[in-house]
Each structure stands twice: as structure tokens, then as C-alpha cells.
Amino acid sequence: MLSTGKRICPICEAGCGLNITTDGRTVVEIRGNKDDVFSTGHVCPKGISLAELDADPDRLTRPLILKNGKHVATSWEEAFELICTRLNQIKESTGPNSIAVYIGNPTAHNVGLSMGLGIFCASLGSSNIFSAGSVDQLPKQLACELMFGDGMAVPVPDIERCDFMLMLGANPIVSNGSLWMVPKFREKLRAFHERGGKLVTIDPRLSETAKLADQHHFIRPGTDAWLLGAIINELRMQGLDIPDRYRVKNQQTLFQHLQSITTERAANLTGIQDHQIRSIATQLSTAKHSVVYGRVGTTLQVHGTLTSFLVEIINIMTGSLDSAGGAMFPEQPFALPSRKKETPDYNRYQSRVSGYPEVLGQMPTACLAEEIETAGEGKIRALVTFAGNPVISNQDSNRLANALSSLDFMICVDIYHNETTRLADVILPGTSPFEDSHYDHFLGAMGYRNSARYSPPLFENTSRPDEWSMSLTLAFIVDQGTVPSAADLDEYENNIVASYIANYTQDPDGPLFNRDVQEILGSIGPERGVERLLDLGIRAGRWGDHFGKADGFNLQRLIETPDGIDLGPPRPRLNEIVISKDQLIDLAPAAIIEDLDRLDTSGVSDELLLIGRRNIQTNNSWLHNLPLLSKGSNKSICYLELNPLDAEKHKVESDDWVEIRSATGAIRVPVKVSKLISQGVVSLPHGFSGHRGANYNILAAAARVDGPSATAALNGIPVTISRIKK
Ligand SMILES: Nc1nc2c(c(=O)[nH]1)N[C@H]1C(S)=C(S)[C@@H](COP(=O)(O)OP(=O)(O)OC[C@H]3O[C@@H](n4cnc5c(=O)[nH]c(N)nc54)[C@H](O)[C@@H]3O)O[C@H]1N2
Ligand SMILES: Nc1nc2c(c(=O)[nH]1)N[C@H]1C(S)=C(S)[C@@H](COP(=O)(O)OP(=O)(O)OC[C@H]3O[C@@H](n4cnc5c(=O)[nH]c(N)nc54)[C@H](O)[C@@H]3O)O[C@H]1N2
Ligand code: SF4
Ligand SMILES: [Mo]
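Residues numbered from 1 in each chain as written. Chains lettered and ligands numbered in written order. Predicted model: local features only at pLDDT ≥ 70, side-chain atom pairs only at ≥ 80, totals over all residues. Heavy atoms only, no water.

(A) Focus on the overall build of the chain. If you tally the helices and strands in the chain, you get 24 helices and 28 strands. In terms of overall size, the chain behaves like a compact globule, its C-alpha atoms giving a radius of gyration of 25 Å where 726 residues would be expected to give roughly 27 Å. Principal-axis analysis of the C-alpha atoms places the extent of the chain at approximately 70 × 65 × 60 Å. Expressed as a percentage of the 726 residues in the chain, the buried residues total 62%. Put simply, of all contacts in the chain between residues at least 6 apart along the chain, 74% involve residues at least 24 apart. Counting every atom, the chain has about 26,800 Å² of accessible surface; 49% of that belongs to carbon and sulfur. Measuring between centres, the 69 positive side-chain charges of the chain sit 5 Å from its 85 negative side-chain charges. (Helix = DSSP H or I, 4+ residues; strand = E, 2+ residues; numbered from the N terminus. Rg over C-alpha atoms; globule rule 2.2 N^0.38 Å. Buried < 20%, exposed > 50% of the residue type's maximum accessible area, 1.4 Å probe, protein only. Contact = heavy atoms within 4.5 Å. Areas by Shrake-Rupley, 256 points an atom, 1.4 Å probe, with all protein chains shown as cover. Lys, Arg positive; Asp, Glu negative; His and termini not counted. Charge placed at Lys NZ, Arg CZ, Asp CG, Glu CD.)

(B) Summary view of the site of ligand 1. The local shell around ligand 1 holds 30 residues, among which Tyr102, Asn105, Ser393, Asp414 and Ser621 are the closest. For ligand 1, an oxygen atom lies 2.8 Å from a polar atom in the side chain of Asn418. Summarising the interface, the protein chains cover 96% of the accessible area of ligand 1, which totals 920 Å² for the free molecule. The set of elements that each furnish at least two residues to the shell around ligand 1 consists of α15 (390–393) and β18 (409–414). (Near = heavy atom within 4 Å. Polar contact = N/O pair within 3.5 Å; in protein donor to acceptor, adjacent residues only side chain to side chain.)

(C) Inspection of helix α13 (residues 304–317) at higher detail. Compared with the 20 Å implied by 1.5 Å per residue over 14 residues, the 20 Å span of α13 between its first and last C-alpha is a close match. For α13, a buried count of 14 out of 14 residues is recorded, marking the element as mostly surrounded by other parts of the structure. At the C-terminal side of α13, Gly319 shows a positive phi close to 75°. (Expected span 1.5 Å × (residues − 1).)

(D) Summary view of the nonpolar core. Of all hydrophobic cores here, the largest spans 87 residues; its most connected members are Leu166, Trp180 and Ile231. Those residues in contact with Ile231 that lie beyond four places of it in its chain are Leu166, Ile277, Ile280, Ala281, Leu284 and Ile314. Core analysis: the second largest hydrophobic core is formed by 65 residues, Ile103, Ile411, Ile477 and Leu555 among them. (Core = buried A, V, L, I, M, F, W, Y, C linked by side-chain atoms within 4.5 Å.)

(E) Inspection of the pairing of strand β19 (residues 426–429) at higher detail. The side-chain alternation of β19 yields two buried faces, one formed by Val426 and Leu428 and the other by Ile427 and Pro429. Sheet analysis places strand β4 (residues 64–67) next to β19, joined by two bridges and oriented antiparallel. In the strand pairing of β19, Leu64 is matched with Ile427. Where β18 meets β19, four bridges bridge the pair, whose relative direction is parallel. Counted as the bridge partner of Val413 is Leu428 from β19. (Pairing = 2+ DSSP bridges.)

(F) Fine view of the sheet that holds strand β13 (residues 290–294). One open sheet accounts for four strands, arranged β11-β10-β9-β13; its pairing is parallel. The two strands at the open ends of the sheet, each matched to only one other strand, are β11 (215–217) and β13. Taken over all neighbouring pairs, the strand axes of this sheet differ in orientation by 15° on average, direction set aside. In this sheet, strand β10 (residues 198–202) lies alongside strand β9 (residues 164–168) in parallel orientation, the contact comprising five bridges. Note on β10: the bridge partner recorded for Met167 is Thr201. The sheet strands contacting helix α7 (residues 185–194) are β9 and β10, and the helix crosses β10 at an angle near 125°. The sheet contacts of α13 involve β9 and β13, and relative to β13 the element is tilted by about 175°. (Axes fitted to C-alpha atoms, helices over the stretch in contact; angles between N-to-C directions.)

(G) Structural context of the packing of helix α10 (residues 263–270) against helix α11 (residues 274–286). Where α10 meets α11, the axes come as close as 8 Å, and the angle between the chain directions of the two elements is 110°. Put simply, α10 runs roughly perpendicular to α11. Seen from above, α10 lies across α11 with right-handed handedness. For the pair α10 and α11, contact is made by Thr263, Glu264, Ala266, Ala267 and Thr270 and by Asp274, Ile277 and Arg278, respectively. Split into classes, the residues belonging to the contact of α10 with α11 amount to three nonpolar, two polar and three charged. (Parallel < 35°, antiparallel > 145°, perpendicular 65-115°, else oblique. Left-handed = near helix turned anticlockwise from the far one by under 90°. Nonpolar A, V, L, I, M, F, W, Y, C, P; charged D, E, K, R; others polar.)

(H) A look at the packing of aromatic side chains. For the coordinates displayed, the defined rule picks out nine aromatic pairs. When the centroid spacing of 5.1 Å and the interplanar angle of 80° are considered together, the rings of Phe476 and Tyr492 count as edge-to-face. Highlighted residues: Phe476 in helix α17 (residues 467–480) and Tyr492 in helix α18 (residues 486–505), separated in sequence by 16 residues. By relative accessible area, which is 9% here, Tyr492 ends up buried. Taken together, the aromatic side chains of Trp180, Phe185 and Tyr293 make up a single cluster linked through ring pairs. The side chain of Lys188 reaches across the aromatic face of Tyr448, ending 4.1 Å from its centre. Above the plane of the ring of Tyr639 lies Arg613, whose end atom (NZ or CZ) is 4.4 Å from the centre. (Phe/Tyr/Trp six-rings, centres within 6.5 Å; stacked < 30°, edge-to-face > 60°. Lys NZ or Arg CZ within 6 Å of the ring centre and 35° of its normal.)

(I) Quick look at the site of ligand 2. Close to ligand 2 lie 30 residues, the nearest being Ser175, Asp203, Asp224, Arg614 and Thr618. Taking Ile202, its main chain carries an N or O atom lying 3.1 Å from a nitrogen atom of ligand 2. Protein chains shield 98% of the accessible area of ligand 2, which is 910 Å² for the free molecule. Mapped by element, the contributors of at least two residues to the shell around ligand 2 are α6 (172–175), α12 (296–299) and β23 (608–613). Here the residues of the shell around ligand 2 sort into nine nonpolar, 14 polar and seven charged.

(J) Seen up close, the environment of Glu92. Relative to the helices and strands, Glu92 resides in helix α3 (residues 76–94). Each C-alpha atom, one on Glu92 and one on Cys367, is 24 Å from the other, the two residues being 275 residues apart in sequence.

(K) Seen up close, the pattern of salt bridges. Applying the stated criterion across every chain, the model contains 40 salt bridges. Arg573 is the partner of Glu331 in a salt bridge, and the nearest nitrogen-oxygen pair spans 4.0 Å. Here Glu331, found in the loop between β14 (327–328) and β15 (346–350), pairs with Arg573, found in the loop between β21 (565–566) and α22 (574–577); they are 242 residues apart in sequence, far enough to count as distant. For Glu493, the salt bridge is made with Arg528, and the minimal N-O distance between the two is 3.1 Å. Of this pair, Glu493 sits in helix α18 while Arg528 sits in the loop between α19 (517–523) and α20 (531–539), and the two are 35 residues apart along the sequence. (Salt bridge = Lys/Arg side-chain N within 4 Å of Asp/Glu carboxyl O.)

(L) Here's a closer look at the sheet that holds strand β3 (residues 26–32). Reading across the sheet, the three strands line up as β1-β2-β3 and stay open at both edges, with antiparallel pairing between neighbours. Every interior strand has two partners, whereas the edge strands, β1 (2–8) and β3, have only one. In this sheet, neighbouring strand axes are inclined to one another by 25° on average, regardless of whether the strands run parallel or antiparallel. With six bridges connecting them, strand β2 (residues 17–23) and β3 associate as antiparallel partners. What sits directly across from Thr22, in β3, is Val27.

(M) Broad picture of the packing of helix α4 (residues 111–124) against α17. One way to put it is that α4 packs onto α17 with a least axis distance of 7 Å and a crossing angle of 5°. In terms of axis orientation, α4 runs roughly parallel to α17. Residues Gly112, Leu113, Met115, Gly116, Leu117, Ile119, Phe120, Ser123 and Leu124 of α4 lie in contact with α17, whose contacting residues are Glu467, Trp468, Ser471, Leu472, Leu474, Ala475, Val478 and Asp479. Looking at the contact of α4 with α17, its residues break down into 11 nonpolar, four polar and two charged.

Written out as C-alpha cells, the structure is:
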């Protein structure tokens, strides 16, 4: 018998609400849910393909352990016993830092796994916590940490009210937004244009989004900080300064260090002419509501943190930061206790070999391989990955794969056998997305609009632990040294929930200050699971019932409104955002000024530079196996785009094969000659390997990083190409 259910798609940041038709345990059809208050019917091929993911016989359903060089299925008990023995041996003999953790991208869309692994990391107490953030957005978060004191406070364009947008290194038509939940971007852009809005894009490639822009400027990869610096100086010459309403410090220091960035020098380095730079500045200063937005092209490059920082400096100068139609700080119903702190979560400790700084409690993946390879106290001997595929997604892949193969013990929590998990001693399978719940606890505060949405599991999962309980079991194992019984795990979860409640009741600025922990513990529901923490955070949030207020939200209210509740456009709230001790926005943190000074010494290069791109049918390194998404040959996605002038120079034509060589390695791919890519730049998607395509990250040197955050500079890699016989 057919029935229907609703579920938020967990793949990307659009967060589409889906209508799902099921027949028993089988998904029959998936469509965009038009009634979803946030996504209003948006869906893409990846969302539709979740039916195939759910039914995929290759998706792992039983734990696997390595026996005589082969992965064989085993029971959960045996898998946990093995993990308990080995992890605790390593922890006791060489300490918690010899066990590293790698947190992959899908954890951001999986609330049970994400909160559970957080508890695991806290129990483990290792300083070697890595994540896909250092091959993605950490520079933006660090910029916000240094500026506002909160790396979780990332402003997003208020697209429904702005009328001028400068977009650098982002392609939301394909990516559906990033650090910005913006489903139906195409329609929103149309409405923006109908209101008279103007979009200017800055990208070395005429991307799918750039094609819809009012103006597009090709830029030499990695030079965005020059462009932004010059725009800031132009804005000053046009009479703009830091508006009085922003409470800031170190303004003069910033402007002094920016002085040497003249528009002429910036034009020379970026390839954008000086009159065009002036025109961008004029459009920014004269627009009623302007906003500057940058993504992967601005973070995964040599000046990722500086560039991200300068984006917000412009938003401040134009008065856009925190005002309607500008760069706003959205909110979500789920709230954490306030996070006031003495100093930024930055550089509190350093990596052992290269001395890279900690960023928001994490080490950069740039040092993962060397920390495994280098002998001595603190050497990484074991790794636990959660929903990540670092062998494909991280830099210097071949070296990293070798390093991972040399580990004493490796556990992967994943739903597939792939380039990373095949190296594991134990693989613990997650559930199908339809067997777990969904709440955007991380991205919910980056929506184009505020909303409250939650999806319960569509199907009951009876055959194995959900990822919250699995992570909690791992936490118990490293905490207590034994595998928990069901009763142990219940008690452990109760204690954890009670300690979370205590964090809220001890927060003098929060609504639960001084309330009774046990009383709250007794009234949050349901009985078990990550839902208890969700209920707690929602009830303690801005719209919450604060355990007593009539009409306030709790989780149950969200369950009863499966299409979500619209909570309106974001409101100005900078006073809540700036949590640095002096409550001033820091315009010149030392790490930024140092990188600004480094910028000054870089020169023009005429090397061929490699950059990445995304495709609507793919999502990083996974989903390629699903029939719906792998229609057509892989060659149709994983090819090198080359400008006609470069093609002529290298004597290659479309469909020829080339070897791309960098300082670290070489890969072979087919070519497509295209005017979409600027001269001197080539573009290739990441996430491929084997028969599906070549792995981009074999070409990325581990040491090529953004200065302040040591995030991988995966874009702008100098390469050479030569035609080969296929
Ligand atoms: N050259 C280049 N490299 C890049 C990028 C680039 O632009 N250029 N982009 C970077 C970016 S932005 C990112 S975010 C990273 C991504 O880097 P990673 O997070 O390391 O890699 P993914 O390819 O997202 O792999 C996700 C893994 O999670 C598993 N998985 C999916 N859903 C679940 C689940 O619900 N539970 C569990 N347990 N496992 C699950 C999948 O099987 C897959 O193995 O790649 C980065 N790498
Ligand atoms: N279809 C699909 N959607 C996805 C993903 C996917 O793999 N496939 N991945 C998801 C993830 S994990 C993320 S983080 C987001 C990323 O979301 P986006 O950042 O919007 O996506 P990208 O397509 O990587 O866009 C980066 C752009 O930067 C440009 N670029 C490269 N180098 C430079 C540079 O030096 N300067 C400038 N100005 N531009 C540069 C590239 O040409 C590209 O157009 O997408 C998410 N959505
Ligand atoms: S755009 Fe596609 S992948 Fe992203 S949330 Fe929507 S349906 Fe899922
Ligand atoms: Mo990402």
C-alpha cells in the first residue's frame, strides 16, 4: 500500500523538503515538497537519487572487519569489542593525541552523527581533530572568529531584500549555495533582477551563475584579496569609512596596511582593469542595499582567511553588515548556551611537525599525513573517520593514502566501501538517510530566511544502532574502557543530557539560568536519542517555550508541522553576535595583518593555474555509483577545461587526453577546449578516481596552504600539461 512521508534532503545546503512516496519499506517516488516553507518545492537530481541510495545493494549495512587482508562482515558486538581493545591499548600506551579523528562533510547534514561524534571527541580528549573544514570553509569561520569572536557567526546575503551583489568564487546555480542555505537560487536571482538588482561575479571561469550575472570579471586565481583591498581603498576615496553604528577597534591599523594596494597594482595582478575595479566600488557605494559574498573560490586558496575577512570589511564599510538587504546573521530555533570567551579559539596549540595553528578546536588536514609519518612523542597511530573520504577530498592524496595504510588501527564510520574506508580495520555502517531524523543544527543559522523544520525518520531502523547511539557507544568505549550494555548506554546518555542541561542552567545570559537540572531532564522528550538535545536546544532558543512559556516551541511542535514554520527574514542582531571580550569588532587581528603583509610580496605569475568546479550530478566524492547520477560517460563530467589560446599553445584539441603535472604528482584526463575558462587557467572537478575519472587532489601539495588557517589552497595550483596518447 502506498503512503507518503516528508523528509529534508541531507545532501547539500539547499536543505530541500522532499515528498516521498513509499510502498512498505520501498521508496517509490521522490518529489520536491511545494508546501515546504523554506525550499518551496526545490529538488535536484541528487535529491531524487536518494531512492536509489536507500535501495543500493552496495550500501553497507553490517560492520566489516579486516581479516587476512579482506573485509568480512561481523556482528556489532565483535566490532565494538575489537575497537575497545585496540583503541584503549593505543590510548594507554601513547596517549589520546595518538588517536586522530577526521570529520567529513555529510556530518554537517546528520544531526545524530554530528552531536554524537562531538561527544566522542570530548571523551577521547585528543588534540588531533581534523575535518573537511580545512579543505573547505575554515578560513571564513576563522575570519569571523577573529572579527566577531564567533566562528559560527557567518553572515549570509539577504537576497530577498538586496539590490546589488558582488559574488566571488561561488557558483550557487550548481552548488545550491554554501555557508548559505538558498534553495531555488535561480528563482531568487530572477526576482532580484525583476526588482532591478544587479549581480557582479568574480571568477576565473564563466560559471553557470556568472552567465546569469549583469557583469562578470575573470580573475587570476588567488588574487581576490588584491581586488578587495583595492575596492576598500576606492571606497575610502569615495568618502566611505566605518559607519559609527559599528563598534570597532584597530581601524587605522587595517587601513594603513591596505595602503600599498593601489588599484593599478591590483589591476595588474588580478587581470581586472582599473576602471572596472572603480566601477565595482561605485556600484557598491551607491547601491541602496549591497552585499559581498564569497565561497570556495575565496576560501580554498592561498589567501583564504584574508580574502574572507576583506569581504566583511566591505560589508561593514557599506553599512550592509547586519542590515536588511545586506549581509545578515540568520537564526534558528535550536540554541546553544552563550559562548563568551576571553580569546578567540585560535592558535591555542600547534601541530607537532609543522607548527600549524589550531583553528576552532581543529588541526588542518595539511598536516595529517606528516603527523602519521613522523616518529616521536605524539605521533598519530590510529584514526577514526566519520562520513569522510579524505583519500579523495584531501590534498596530496597518494601520500595520504600511504600514510593511512601505515596506521596501527583505523575505524571508518561510513555507508560505503571506498578509497578511504577500504584502508580501515573496522567499518561501522551508518543508516539510510530515511532511517534517521534531520535537523539543520549547523546550517540552520545560515538560511536565506529563518525557519523551523525537523524530519523524523521515515522508516524504522531495527537492524542496527543509529549513528547517535553508535557514536555514544564509541564515546563510552574510550571513556570507560569497556563496551557498554544497553543499560550502561542509557545511563551514559542520561548523564550526557544532564550535563548539557547544566550548561544552559549555568548560562547567566540564557533563559534557563538557575533552573533545576533534574526538573528539566524530566520534562524534555522523547525518551531517548539526539532528539532530547534537540528538544532542549529548541526550548532554550529564541522561539522556545523556555520550559513554561505558553506558545513557545518545543520539538513536538516541529514534528506536528512537517512543512516547517516560517520565522521571517533575518533581523539585525550584531550585539548578540560580537562575543569577543571587549565586544568590539576587531578590524586588524594580527593573523590578518601578517597575511596582508605577505600579500605585498607576491608577484604576477604566468604559470598555468588549476582550479576546481562542481557539477549538478555530483556531490564531492560520493553518489557517483547511483544509476540516476552516472548517466552518460564519466568523461562527460571529469574533463579539463582549457581556454582556446592555451589549447593552441599546447597543441591540444577537445577530446584529446593530457597529462596534468604539478609539484606533487600527475594525472591523466580528457580535454574540452572552452571559452568559459580564462586564459592561463584550467578547471577540473574534484571527487573522482579510478574508472570514474582522475583524482584532482593528487596534484595538491600538502604544504600549499592559506597562511592564517593552514587550510588547503586547492585552487590556483601551478601545473603543466602535455598531450598524451590515450
Ligand atoms: N580539489 C578539491 N578538493 C575538494 C574540494 C574542492 O572544491 N576541490 N572541496 C572540498 C569540500 S568543500 C569538501 S566539503 C570536502 C568533502 O570531503 P569529505 O567529507 O572527506 O568527502 P566526501 O566526498 O564528502 O565523503 C563523504 C563520505 O561520507 C559518507 N557518507 C555519506 N552520508 C553518510 C552518512 O549519513 N553517514 C555516514 N557515516 N557516512 C556517510 C560517504 O559514503 C563518503 O564516504 O572535499 C573537499 N575537497
Ligand atoms: N552539485 C554539487 N553541489 C554541491 C557540491 C557538489 O560537489 N556538487 N558540494 C557542496 C559543498 S561540500 C560545497 S562546500 C559547496 C561549494 O559551493 P560553491 O563555492 O558555490 O561551489 P563551487 O562550484 O566550488 O564554486 C567555486 C567557484 O570558485 C571559482 N574559483 C576557483 N578559484 C578561484 C579564485 O581564486 N578566485 C575566485 N574569485 N574564484 C575562484 C571556481 O571557478 C568556481 O566557479 O557546494 C555544495 N554543493
Ligand atoms: S539541491 Fe538537491 S542535493 Fe541539495 S538539498 Fe536539494 S535535493 Fe538535496
Ligand atoms: Mo564543502
